[in-house]
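Residue strings, one per chain:
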Amino acid sequence: MTRGRAFDRLVNFADAVTAVAITLLVLSIVDVTGTSAEDTVWQIISDNASQIITFVFTFLVVALMWSVHNHLFNRMIGFDGVVLRLNILWMLGIVLLPWPSRLYGEGIGSEAGDWSGGEGLGGAGLLYWGTLAAISVIGALIAVHVRRHPELVDPRSTEPPRPRPLTSTPCSISASRATQNCSSVNSANCPCNCSNRD
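Residues numbered from 1 in each chain as written. Predicted model: local features only at pLDDT ≥ 70, side-chain atom pairs only at ≥ 80, totals over all residues. Heavy atoms only, no water.

**Description of the overall build of the protein chain**
Then, number 1: Helices and strands together make up the secondary structure of the protein chain, namely seven helices and two strands.
Then, number 2: Listing each helix as α and each strand as β along the protein chain from the N terminus yields β-α-α-α-β-α-α-α-α.
Then, number 3: Restricting the contact set of the protein chain to residue pairs at least 6 apart, pairs at least 24 apart contribute 70%.
Then, number 4: Counting only carbon and sulfur atoms, one obtains 60% of the accessible surface of the protein chain, whose full area is about 12,000 Å². (Helix = DSSP H or I, 4+ residues; strand = E, 2+ residues; numbered from the N terminus. Contact = heavy atoms within 4.5 Å. Areas by Shrake-Rupley, 256 points an atom, 1.4 Å probe, with all protein chains shown as cover.)

**Comments concerning the side chain of Thr18**
Then, number 1: For Thr18, the position within the fold is in helix α1 (residues 5-24).
Then, number 2: Of the residues examined, Thr18 reaches a relative accessible area of 4% and is grouped as buried.
Then, number 3: Sequence-distant contacts of Thr18, that is, excluding residues within four places in its chain, are made with Val62, Trp66, Trp90 and Ile94. (Buried < 20%, exposed > 50% of the residue type's maximum accessible area, 1.4 Å probe, protein only.)

**Some thoughts on the packing of aromatic side chains**
Then, number 1: All told, the structure shown has five aromatic pairs when counted by the stated rule.
Then, number 2: A ring pair is formed by Phe57 and Trp129, whose centres lie 5.7 Å apart and whose planes are at 55 degrees; its orientation type is tilted. Remark: Trp129 occurs in helix α6 (residues 124-148) and Phe57 occurs in helix α3 (residues 49-74); sequence separation between them is 72 residues.
Then, number 3: By relative accessible area, which is 37% here, Phe57 ends up partly exposed.
Then, number 4: Take Trp129: its relative accessible area is 41%, and that puts it in the partly exposed class. (Phe/Tyr/Trp six-rings, centres within 6.5 Å; stacked < 30°, edge-to-face > 60°.)

**Quick look at the environment of Val17**
Then, number 1: The topology assignment puts Val17 in helix α1.
Then, number 2: Note on Val17: relative accessible area 15%, which makes it buried.
Then, number 3: Separated by 75 residues in the primary sequence, Val17 and Leu92 place their C-alpha atoms 8.8 Å from one another.

**Quick notes on the nonpolar core**
Then, number 1: Ranked by size, the top nonpolar core spans 33 residues in total, and within it Phe73, Trp90, Ile142 and Val146 carry the most contacts.
Then, number 2: In this structure Trp90 touches Thr18, Met65, Trp66, His69, Ile135, Ile138, Gly139 and Ile142, once residues within four positions along its chain are discounted. (Core = buried A, V, L, I, M, F, W, Y, C linked by side-chain atoms within 4.5 Å.)

**Considering the packing of α3 against α6**
Then, number 1: Two numbers describe how α3 lies on α6: the axes approach to 10 Å, and their chain directions differ by 10 degrees. It follows from the interaxial angle that α3 and α6 lie roughly parallel. Of the residues in α6, those touching α3 at Thr54, Phe57, Thr58, Val61, Met65, Leu72 and Phe73 are Tyr128, Trp129, Leu132, Ile135, Ser136, Ile142, Ala143 and Val146. (Axes fitted to C-alpha atoms, helices over the stretch in contact; angles between N-to-C directions. Parallel < 35°, antiparallel > 145°, perpendicular 65-115°, else oblique.)

**Some details on α3**
Then, number 1: Given a rise of 1.5 Å per residue, 26 residues ought to cover 38 Å, and the 37 Å separating the end C-alpha atoms of α3 matches this to within 8%.
Then, number 2: Taken together, the buried positions of α3 are Ser50, Gln51, Thr54, Phe55, Thr58, Val61, Val62, Met65, His69, Leu72 and Phe73. (Expected span 1.5 Å × (residues − 1).)

**A closer look at the confidence of the model for the protein chain**
Then, number 1: Across the protein chain, the average pLDDT comes to 74, with 68% of residues at 70 or higher.
Then, number 2: Here helix α7 (residues 175-183) stands out as the element of the protein chain with the lowest mean pLDDT, 46, in contrast to helix α4 (residues 81-96), whose mean of 92 is the highest.
Then, number 3: The model gives residues 168-181 a pLDDT under 50, and that stretch makes 17 contacts with residues more than four places away or in other chains. (pLDDT = per-residue confidence, 0-100.)

Written out as structure tokens, the structure is:
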């Protein structure tokens with residue numbers, strides 16, 4: 001396991017790559033201009049809505065992915081070869097994302113493609129959504145690996161690193177499943193007070 005300054009440099013490198021990638025996203029809309037001198041700002045925004053929406057959505061998704069990555073790495077004290085390789089793949093996906101984002105935004109806004117069917121994208125939609133999915137999967141693999149190797153986690157950390165659950169309590173699944181889940185634990189400690197259910 002590698003610790004100390006090398007770990008700090010890995011975290012700083014990932015942060016820098018994310019900052020550069022999120023900045024490069026704006027290049028997809030930097031050339032957005034009107035077609036004539038009489039165009040208003042609202043006409044320009046309307047004419048280029050697909051590119052602008054794709055930019056904003058991708059910016060928010062990258063910010064969220066960085067936030068999850070940051071949360072995980074803040075609980076760690078070191079890394080091993082697996083974390084290093086997975087983190088490099090994660091950064092590759094992040095730095096690649098501005099390109100499919102631009103293709104996707106332009107493809108949706110073209111005359112051949114529209115929001116409803118996506119015809120004319122020529123695979124740009126698949127590349128865009130596939131890149132987002134790959135980044136998410138790699139991030140989850142890092143979290144799973146770190147969870148299985150507690151020596152990578154700061155013992156003072158209050159919570160083990162793990163992918164975020166889709167639901168916060170057993171009761172949010174369904175009443176019947178919640179009752180089953182709470183019957184296996186002390187019902188007094190059940191976070192949703194399932195003992196009051198039928």
